[in-house]
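# Fold and contact review
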Amino acid sequence: MNKPTVVRVRFAPSPTGFLHIGGLRTALFNYLFARNNNGKFILRIEDTDRTRYVEGATENLISILNWSGLDYDEGPYLDTHGKIYQKGDYGPYIQSQRIEIYKRYAMELLKKGFAYRCFCSPQRLEEVRKLQLLNKQPPKYDRLCRNLSETESNRRAAIEPYTIRLKVPDEKIVFTDIIRDKVEFDGSLIDDQVLLKSDGYPTYHLANVVDDHLMEITHVIRGEEWLSSTPKHILIYKYLDWQPPQFAHLPLLLNPDRSKLSKRSGDVAVEEYKKEGYLPEALLNYVALLGWSTEDSQQIFTKQELIDKFSLSRCSKSPAIFDKQKLLWMNSEYIRKTDPYKLMEYSIPFFVSYGIKIDINNSEIKEYIVKLIQLEQQKIKLLKDIPYMIEFFLKPDTEIEYKENVVKKYFYLDTQKQILIEVRDMLQTITQFDKTTLEHQLRNFCSNRGYKTTEVFQLLRAAVSGRSEGPGLFDLLFFLGKERVINRINLVIKKFFLNIK
Ligand code: GLU
């Protein structure tokens, strides 16, 4: 059968939990390859292993793919009520809805003599495995049922449960991988893989090959952990007289200490990065560099640049290190360049979880928040940080938090109280409460009375914000406005200098 000329690739996750950074990398590389080649990117859900199935995981996966901006052309989608529907001519795209198809091909392999029924009980298989481990042999089915006669196999099939296994020949299996070139496996070391389980469900291997063929997938781009499955897949293609797709196995992802990046090491669920306040664009940009690079080692890319520049030939086969520090740096680079209006919209859920209510229908408040975000934009690393960074602008004067160390340092001496009183009185007289006037007046105030500017400025900052760090002082005063500034100074004098006359 002739392959279609259009590139068709797929992301084929198993819904066993949250989407992992490794899964996002696979999805992204497939997406970039498809878009770069004007091809189709397909989402297929591989849920035939019912023991690993997690309720809601498919919906979760789809919504996090939506968040990341990796739009696909065919597959399952979520409607506005969160219900799954499917789109595309090759469906269904959820394997548990295609069980009969896989059975048909398992039977065909059986009929052709490339597969056989295995009647061994799980107990027997376990004993064989234990014995092999004891003898330091690789665990592998001992092929007991491989030589049953057809009549015997048919007779037992009527009364006993069985699985269907692939007849792996004792010969070399060779294929070309786009990233690794020639790859060779010794068939005599490969297990006679179960294709169909006794409950009628296919294993990953059978379902994956059948679907890649029927869905006319041209390139299989997936993680290195699937490389050792590929010879089995190559055999299934050959036995069914199908032309295999091209394969590209992406390098492993490691932690900076070179241990394998796995679910167990934490911080690998894409969901977590969303919650922390990473921008999807930044995450995609970072993940694109996990195993791929341009000749000039460019670091920051727009999505369109990634699409234009991506190629499998620039993918590496050596492991890629997942460095959270670099990702954080990249996120702050993106935040710096993002339109502050957009940042305001992005940060709304973070205000909610921080406990600050914002009336999103009040455009004045929104404008104000945009200005505040702009003030701190250069310093924001995560969206999650925004509410904390600007909360003292939004809280009522009486609810400003004065940390113990601030109180101890600034609201303690007689002279501090004196300065606050004097500076308050001076600020009262300013009619034009803008940044330039404030700076001019405050500097004059210090030099006229012989105060050190740093001392006065820090004291003032502490009194109006409760902190010793934050935006520039004149911005801080300006955005609070005269009334709140005076009020806060008065509250501080009343609250903390009680015992000082
Ligand atoms: N279902 C497999 C997974 O969970 C897909 C592997 C492949 O792409 O062939 O990653």
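Just above, that's the structure.
Below or above, wherever it landed, is the structure these notes cover. Keep in mind the model is a prediction, meaning the values are calculated, not measured.

## Comments concerning the overall build of the protein
- In terms of regular secondary structure, the protein is built from 20 helices and 13 strands.
- Rg of the C-alpha trace for the protein: 32 Å, well past the compact-globule value of 23 Å for 501 residues, more than 25% over.
- By principal-axis analysis of the C-alpha atoms, the protein measures approximately 105 × 50 × 40 Å.
- Within the protein, buried positions represent 50% of all 501 residues.
- Contacts in the protein between residues far apart in sequence, at least 24 positions, make up 74% of those at least 6 positions apart.
- For the protein, the exposed surface amounts to about 24,900 Å²; the carbon and sulfur share of it is 50%.
- When the 74 basic and 66 acidic side-chain charges of the protein are each reduced to a single mean position, those positions are 2 Å apart.

## Comments concerning the side chain of lysine 232
- Relative to the assigned elements, lysine 232 resides in helix 7 (residues 230-239).
- Aspartate 191 provides the closest opposite charge to the buried, unpaired lysine 232, separated from it by 6.0 Å.
- At 2.7 Å, the side chain of lysine 232 and the side chain of glutamine 193 are in polar contact.
- Discounting chain neighbours no more than four positions away, the residues touching lysine 232 are Leu166, Ile190, Asp191, Gln193 and His205.

## Some remarks on the environment of threonine 338
- With respect to the secondary-structure elements, threonine 338 resides in the loop between helix 11 (324-337) and helix 12 (340-354).
- For threonine 338, a relative accessible area of 12% translates into the label buried.
- For the pair threonine 338 and leucine 279, spaced 59 residues apart in sequence, the C-alpha separation works out to 9.7 Å.
- In this structure, threonine 338 is in contact with Leu279, Leu343, Tyr346 and Gln377, ignoring residues within four places of it in sequence.

## Some thoughts on the sheet that holds strand 6 (residues 163-166)
- Spatially, the three strands line up as an open sheet ordered 5-6-9, and their pairing is antiparallel. Strand pairing shows two members of the sheet lacking a second neighbour, strand 5 (115-118) and strand 9 (194-196), which therefore form its edges. Going across the sheet, the axis of each strand differs from the next one's by a mean of 45 degrees, ignoring polarity.

## Side note on the site of the ligand
- Taken together, Arg10, Ala12, Ser14, Glu46, Tyr204, Asn208, Arg222 and Trp226 make up the full set of residues adjacent to the ligand.
- Contact between the ligand and arginine 10: an oxygen atom at 2.8 Å from a side-chain N or O atom of the residue.
- Side-chain polar atom of tyrosine 204 to an oxygen atom of the ligand: 2.8 Å apart, as the coordinates give it.
- The protein chains hide 84% of the 300 Å² of surface that the ligand would expose on its own.

## As for the nonpolar core
- In this structure, Ile21, Phe411 and Leu427 are the most contacted members of the largest nonpolar core, which totals 111 residues.
- Top element by residues in this core is helix 1 (residues 21-36). It accounts for nine residues.
- Listed in part, the 35 residues of the second largest apolar core include Ile42, Ile99, Leu110 and Phe175.

## A word on the environment of lysine 317
- Tracing the backbone through its elements, the reader meets lysine 317 in the loop between helix 10 (303-309) and strand 13 (320-321).
- Apart from the residues within four sequence positions on either side, lysine 317 is in contact with Ile179, Arg180, Glu224 and Pro251.

## Some remarks on the side chain of arginine 461
- Checked against the element boundaries, arginine 461 lands in helix 18 (residues 453-465).
- Among buried Asp, Glu, Lys and Arg side chains, arginine 461 stands out as unpaired, with glutamate 469 the closest opposite charge at 7.4 Å.

## Description of unusual backbone geometry
- The residue after glycine 91, namely proline 92, is reached through a cis peptide bond having omega -5 degrees.
- Mapped onto the secondary structure, proline 92 falls in the loop between strand 4 (84-87) and helix 3 (99-112).
- Of note, glutamate 216 is a non-glycine position whose phi angle comes to about 55 degrees, a positive value.
- Secondary-structure assignment places glutamate 216 in the loop between helix 6 (204-214) and strand 10 (219-223).
- Looking at glutamate 216, the relative accessible area reads 18%, which means it is buried.
- At arginine 258, a residue that is not glycine, the phi angle is positive and equals roughly 70 degrees.
- Turning to its location among the elements, arginine 258 is positioned in the loop between strand 12 (253-254) and helix 8 (270-276).

## So, the pattern of salt bridges
- Summed over all chains, the structure comprises 35 salt bridges.
- Across the pair lysine 408 and glutamate 404 runs a salt bridge whose closest N-O atoms are separated by 3.4 Å. Of this pair, lysine 408 and glutamate 404 both sit in helix 15 (residues 404-410), four residues apart, roughly one helical turn. Of the two residues, lysine 408 and glutamate 404, both sit in the exposed class.
- Connected through shared salt-bridge partners, Arg10, Arg44, Glu46, Arg98, Asp211 and Asp212 make up one network.

## Notes on the packing of aromatic side chains
- Per the counting criterion, the structure on display carries 24 aromatic pairs.
- Aromatic pair phenylalanine 175 and phenylalanine 185: ring centres 6.2 Å apart, planes at 10 degrees, arrangement stacked. Of this pair, phenylalanine 175 sits in strand 7 (residues 172-177) while phenylalanine 185 sits in strand 8 (residues 181-186), and the two are ten residues apart along the sequence.
- Relative accessible area serves as the criterion here: at 6%, phenylalanine 175 is assigned to the buried category.
- By relative accessible area, which is 21% here, phenylalanine 185 ends up partly exposed.
- An angle of 50 degrees between the planes, with centres 5.4 Å apart, marks the rings of tryptophan 292 and phenylalanine 301 as tilted.
- A network of ring pairs unites the aromatic residues Phe29, Trp292, Phe301 and Phe310 as a single cluster.
- Over the ring of tyrosine 162 we find arginine 117; its NZ or CZ atom is 5.2 Å from the centre of that ring.

About the cut-offs
- Residues numbered from 1 in each chain as written.
- Predicted model: local features only at pLDDT ≥ 70, side-chain atom pairs only at ≥ 80, totals over all residues.
- Heavy atoms only, no water.
- Helix = DSSP H or I, 4+ residues; strand = E, 2+ residues; numbered from the N terminus.
- Rg over C-alpha atoms; globule rule 2.2 N^0.38 Å.
- Buried < 20%, exposed > 50% of the residue type's maximum accessible area, 1.4 Å probe, protein only.
- Contact = heavy atoms within 4.5 Å.
- Areas by Shrake-Rupley, 256 points an atom, 1.4 Å probe, with all protein chains shown as cover.
- Lys, Arg positive; Asp, Glu negative; His and termini not counted.
- Charge placed at Lys NZ, Arg CZ, Asp CG, Glu CD.
- Salt bridge = Lys/Arg side-chain N within 4 Å of Asp/Glu carboxyl O.
- Polar contact = N/O pair within 3.5 Å; in protein donor to acceptor, adjacent residues only side chain to side chain.
- Pairing = 2+ DSSP bridges.
- Axes fitted to C-alpha atoms, helices over the stretch in contact; angles between N-to-C directions.
- Near = heavy atom within 4 Å.
- Core = buried A, V, L, I, M, F, W, Y, C linked by side-chain atoms within 4.5 Å.
- Phe/Tyr/Trp six-rings, centres within 6.5 Å; stacked < 30°, edge-to-face > 60°.
- Lys NZ or Arg CZ within 6 Å of the ring centre and 35° of its normal.

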